[in-house]
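# Breakdown of the fold
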Amino acid sequence: MTLEPGIHHDAERRVWALAMAQSAYALGVTPEGFVQHLYWGPPLADLADLPDPSMPPARSGQEPALSLLPEEYPAWGGLRLGETTLRAVFADSTRELDLRFAEATPRRVGDQPSLTIVLRDAAYPLSVTLEYRLDTAHDCLTRAVHITNAGTEPVRLERAFSGAWHLPRMLAPRHLLTLAGQWGGEMRLQQQPIVPGTTMLEARHGLTGHQSYPWMAIESAVGEVYFVTLAWSGNWALRATTEIMGTTTIVAGIHDLDFAWPLAPGATFTAPDAIAGFAADGREGARHRLHAHIGAHIVPQPQELRPVLSNSWEATLFAVDEPSQMQLADQAAGIGVELFVMDDGWFLRRTWDDAGLGDWIPDPVKFPRGLGPLIQHVHDRGMLFGLWVEPEMVNPDSDLYRAHPDWVYHFPRRPRSASRNQLVLNLARDDVRDHIVAALDDLLTDNAIDFLKWDMNRPFSEVGWPDQPERIGEIAVRHVEHVYAIIDTLRQRHPQLRIETCASGGGRMDLGMLRRTDEAWVSDNTRPDARLAIQAGISHILPARVQGAWVTDTPALLRRQEFPLDFRFHVAMLGVLGIGGNLLAWSDDELATARHWIAVYRDLRPVIQAGEQTWLASGEDGVSAVQYRALDNSQLALFVFRLGDRFQEALPPFRLRDLAPAQRYHIRQEGQPDQTFTGSWLMGHGLYVPLPDIHFASALVFQSLNRA
Ligand code: DGJ
């Protein structure tokens, strides 16, 4: 028997165990009042097994006791030599903290058990509340931190991370898994042996970024996985430091570069959520837990599945107008699309990327009657209507910038570096935030818009605020807080509104953004073989239900190679299916193929978007295979991809995972006779999937519902 999921406490020994379905986490208070990490790993059977919290003995004068203590929230100060989470400067210029335990309270946040622990500085009126929220079903532990200045003098925070995680000593080989990339090539999995030293992942230019995702996982020699991801959409840092003895400490939070937070008397600073978990069943187990946690606790509408969309960007670029979009909408409706999205190009003077950003009113030349007739046309065809916006930006050639040249980040004597011909609005300013709320609220009030694609197409530069130079260390945080506040306000005023997060593809799809948006545009690269790698990477974190994926034309920009239409559909069907190609140029045969796959997708949508996704192969040997399983085993789908078959060798059978051993599965693949196997056979021997004899072959196999 293991401890029941929830919070367990031994008051006498001052220890707490946070028990989840298949993992546990434990901490305690040392006699000196330090909050010590005690355990993270497989479930616990008895609190009595936990050691008494205590200071470890000093190893030498160079390794004092405090430097060896794994503290839950090690603040900069005293003889702490390892990773730290908090740095503060008091009014008398004292730069160190001495945080001691004050009280602990178990609570419930919604259906999640939680524990809050209050620490107080030994000499100054500053308190730190550590919050632990348990998703007991999915072994995900969310941490947040609230830092309060209870005194009468200001305090300056120079670092305020979300937590520290201490992993048990691990023998080699152990690996660090991270995601790295760039625009058009996001989220490629990196694996490196862990050696003593520090690995730092970071974003420094205002958004989550294409280069690195705020997630890291550590895999032990026996394949157990620990992971941490930060729910924050601006500058961030994740550091993993491994000591020579084999312990690793991870710290994560808002980047302390360019960060200096004035904590006024009475004020509280809240560090964003970080979500961590342990999976004894390895990478797939870690993936399943995060997907399930995101589906249940992060996305704003857990019960909803995402509609099949079509998007105008690759079809018509900036040349959108009422007739072209109505024609595109007719074609989209004809093949079963459910959400028609008009991308960039619809607003004042927007004929290319060098004008218009900031002026969120329909261009009178392209839309002389406004957006109303187009939206009505789309709704009349049974589709939802979506619109692209990029609210944080301005083109110098815009009415907004001409009226408010001081509303962008800048320094008085430096040129303002334009990127993609645009500048970043100083969203740290309340008046800019209020202006954007008003502009978008008007747009949504005047037009029956169901969906916004919220884009963000350049990093920050010249992050200055000449009117308020003393607030410069707040900018990067305030910007993100105000983006969140704008979205939250719009969603509250327009409850039907759904939102897609986009930043030149997958530049901002962290869990902070996904808490208030419904799906993410994963990459501008829709070349299907590249896309498979990108989707394999981001699928370590994000479930299919939020991964926007389009079928686009071929060959085209970034896709010089020809790809079969079925292959393109199968890749896009791994996530939220969308059509990005120019449907006006598709042949009748192509439209029929599209109609077919959209209908199949709509049937399989519950298992793809709400089922459990397992990558049986992730591109190794040119093969990818992705299994989707309904948790009650009522539905099953398997997509298989082959990037090339140079030697005419058949693929081995694919061994499916986590099926019900005794259940009989009725397997259907188009063009093949139906087959019936037990779950045991499919898991033990595997399923042969015949593939067409073509370059870039793919197949979809699924459980035939009418015979199941
Ligand atoms: C970048 C996005 O990733 C694209 O999908 C498209 O919306 C363009 N911006 C429009 O400018």
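Residues numbered from 1 in each chain as written. Predicted model: local features only at pLDDT ≥ 70, side-chain atom pairs only at ≥ 80, totals over all residues. Heavy atoms only, no water.

### Structural notes on the overall build of the chain
Applied cut-off: Secondary structure counts use DSSP, requiring at least four H or I residues in a row for a helix and at least two E residues in a row for a strand, with both numbered from the N terminus. Within these notes, the globule rule equals 2.2 Å times the number of residues to the 0.38 power, and the radius of gyration is based on C-alpha atoms. For every residue, the accessible area obtained with a 1.4 Å probe (protein chains only) is divided by the maximum for its type, and the residue is called buried under 20%, exposed over 50%, and partly exposed between those limits. The contact definition used throughout considers only heavy atoms, calling two residues in contact when any of these lie within 4.5 Å.
Each helix and strand counted, the chain has 13 helices and 35 strands in total. Here the C-alpha radius of gyration of the chain, 26 Å, is about what a compact globule of 708 residues would show, namely 27 Å. Expressed as a percentage of the 708 residues in the chain, the buried residues total 59%. The contacts of the chain with a sequence gap of at least 6 include a subset with a gap of at least 24, amounting to 66%.

### Looking at the side chain of His 37
Put simply, the test is: N or O atoms within 3.5 Å of each other form a polar contact, as long as, within protein, one can give a hydrogen and the other can take it, and as long as residues adjacent in sequence are counted only when both atoms are side-chain atoms.
Considering the arrangement of structural elements, one finds His 37 in strand E4 (residues 35-41). Looking at His 37, the relative accessible area reads 7%, which means it is buried. A polar side-chain atom of His 37 sits 3.3 Å from the main-chain carbonyl oxygen of His 166.

### A look at the packing of aromatic side chains
Counted only if it meets this: The pairing test for Phe, Tyr and Trp rings, Trp by its six-membered ring, is centres within 6.5 Å, and the orientation test on the planes gives stacked under 30 degrees, edge-to-face over 60, and tilted for anything in between. Here, a charge over a ring is recorded when the distance from Lys NZ or Arg CZ to the ring centre is within 6 Å and its angle to the ring normal is within 35 degrees.
Scanning the model with the defined rule gives 25 aromatic pairs in all. For the pair Phe 259 and Phe 269, a centre-to-centre distance of 5.7 Å together with 65° between the ring planes defines the contact as edge-to-face. One end of the pair, Phe 259, is in the loop between strand E17 (248-254) and strand E18 (261-263); the other, Phe 269, is in strand E19 (residues 268-279), and 10 residues separate them in sequence. Geometrically, the ring pair formed by Trp 313 and Phe 318 is edge-to-face, given 5.1 Å between the ring centres and 90° between the ring planes. In this structure Phe 318 comes out as buried when scored by relative accessible area, which is 4%. Among the aromatic residues, those joined into a cluster by ring pairs are Phe 563, Phe 567, Tyr 628, Phe 639, Phe 641 and Phe 696. Lying over the aromatic face of Trp 76, Arg 87 brings its terminal NZ or CZ to 4.8 Å of the ring centre. In this structure, Arg 143 is placed above the aromatic ring of Trp 165, and the distance from its NZ or CZ to the ring centre is 5.2 Å.

### Digging into the side chain of Thr 142
Its location among the elements puts Thr 142 in strand E9 (residues 140-149). Those residues in contact with Thr 142 that lie beyond four places of it in its chain are Glu 131, Tyr 132, Arg 133, Asp 273, Ala 274, Ile 275 and His 293.

### Quick look at the site of the ligand
Formally: If a single non-hydrogen atom of a residue is within 4 Å of a molecule or strand, that residue counts as near it. Calculation of accessible area relied on Shrake-Rupley with a 1.4 Å probe; when residues are assessed, cover is drawn exclusively from the protein chains displayed.
Neighbouring the ligand are 14 residues, the closest being Asp 343, Asp 344, Lys 453, Asp 455 and Asp 524. With respect to the ligand, the side chain of Asp 455 contributes an N or O atom lying 2.7 Å from a nitrogen atom. In this structure, Trp 521 approaches the ligand through a side-chain N or O atom, which is 3.4 Å from an oxygen atom. Within the complex, the protein chains bury 98% of what would otherwise be the 290 Å² of accessible surface of the ligand.

### Description of the nonpolar core
Quick reminder of the rule: Residues grouped as a nonpolar core are buried Ala, Val, Leu, Ile, Met, Phe, Trp, Tyr and Cys residues, joined through side-chain atoms within 4.5 Å.
If you look at the biggest cluster of nonpolar residues, it comprises 156 residues, and the most contacted ones within it are Ile 147, Leu 157, Phe 269, Trp 346 and Phe 569. It is helix H12 (residues 588-610) that provides the largest number of residues to this core, a total of nine residues. Setting aside residues no more than four positions away along its own chain, Ile 147 makes contact with Tyr 73, Leu 86, Leu 126, Ser 127, Val 128, Leu 157, Ala 160, Leu 263, Ala 267, Thr 268 and Phe 269. Grouped together as the second largest cluster of nonpolar side chains are 27 residues, Phe 227, Leu 290, Ala 520 and Val 522 included.

### Structural notes on the sheet that holds strand E35 (residues 697-703)
Condition: Being paired, for any two strands, means DSSP has found at least two bridges between them. An axis is simply a line fitted to the C-alpha atoms; with a helix, the fit covers only the stretch in contact. Between two such axes, the angle follows the N-to-C directions and lies from 0 to 180 degrees.
One open sheet holds the six strands; their spatial order is E30-E31-E32-E35-E33-E34, and the pairing between them is antiparallel. The outermost strands of the open sheet, each flanked by one partner alone, are strand E30 (612-618) and strand E34 (675-678). Between one strand and the next, the sheet's axes are offset by a mean angle of 20°, whatever the strand orientation.

### Thoughts on the sheet that holds E4
Strand order in the open sheet made by the four strands is E1-E2-E3-E4, with antiparallel pairing throughout. In the strand order of this sheet, the two ends are held by strand E1 (6-10) and E4, each with one partner. Strand-to-strand twist of the sheet, defined as the mean angle between neighbouring strand axes without regard to direction, takes the value 15°. Sheet topology places strand E3 (residues 23-29) next to E4; six bridges connect them, and they run antiparallel.

### Structural notes on the pairing of strand E28 (residues 547-551)
This is how it is decided: Seen with its strands pointing away from the viewer, a crossover is right-handed if its path from the first strand over the helix to the second goes clockwise.
By the criterion of burial, E28 is predominantly enclosed, with five of the five residues buried. Side-chain alternation along E28 places Gln 547, Ala 549 and Val 551 on one buried face and Gly 548 and Trp 550 on a second face that is also buried. Note on the crossover from strand E27 (residues 519-521) through helix H10 (residues 528-538) to E28: the handedness is right-handed.

### Looking at the environment of Glu 83
Structurally, Glu 83 can be placed in the loop between helix H1 (65-68) and strand E5 (86-89). Overall, Glu 83 belongs to the buried group, its relative accessible area being 12%. The spacing of Glu 83 and Ala 164 is 81 residues in sequence and 8.0 Å in space, taken between C-alpha atoms. Within the local environment of Glu 83, its side chain forms a polar contact with the side chain of Arg 239, the two groups lying 3.0 Å apart. Side chain to side chain, Glu 83 and Thr 241 meet in a polar contact 2.4 Å long.

### Details of H10
Counting buried positions along H10 yields nine of 11 residues, so the element is predominantly enclosed. Where H10 is concerned, the buried positions are Pro 528, Asp 529, Arg 531, Leu 532, Ile 534, Gln 535, Ala 536, Gly 537 and Ile 538.

### Topic: the packing of H10 against helix H11 (residues 565-572)
Working note: a packed helix pair is described by the angle between its axes plus the distance between those axes. To keep it simple, the criterion reads: Each angle is binned into one of four classes, with values under 35 degrees roughly parallel, values over 145 roughly antiparallel, values of 65 to 115 roughly perpendicular, and all other values oblique. For a crossing to be left-handed, the near helix must be turned anticlockwise from the far one by less than a right angle; the clockwise case is right-handed. We call Asp, Glu, Lys and Arg charged. Ala, Val, Leu, Ile, Met, Phe, Trp, Tyr, Cys and Pro are nonpolar, and the rest, Gly among them, are polar.
In the contact formed by H10 and H11, the axes pass within 10 Å of each other and the chain directions differ by 15°. Considering their axes alone, H10 and H11 lie roughly parallel with respect to each other. As for the relative orientation of H10 and H11, their crossing is left-handed in sense. Of the residues in H11, those touching H10 at Pro 528, Asp 529, Arg 531, Leu 532 and Gln 535 are Phe 567, Arg 568 and Val 571. Residue classes in the contact of H10 with H11 are distributed as four nonpolar, one polar and three charged.

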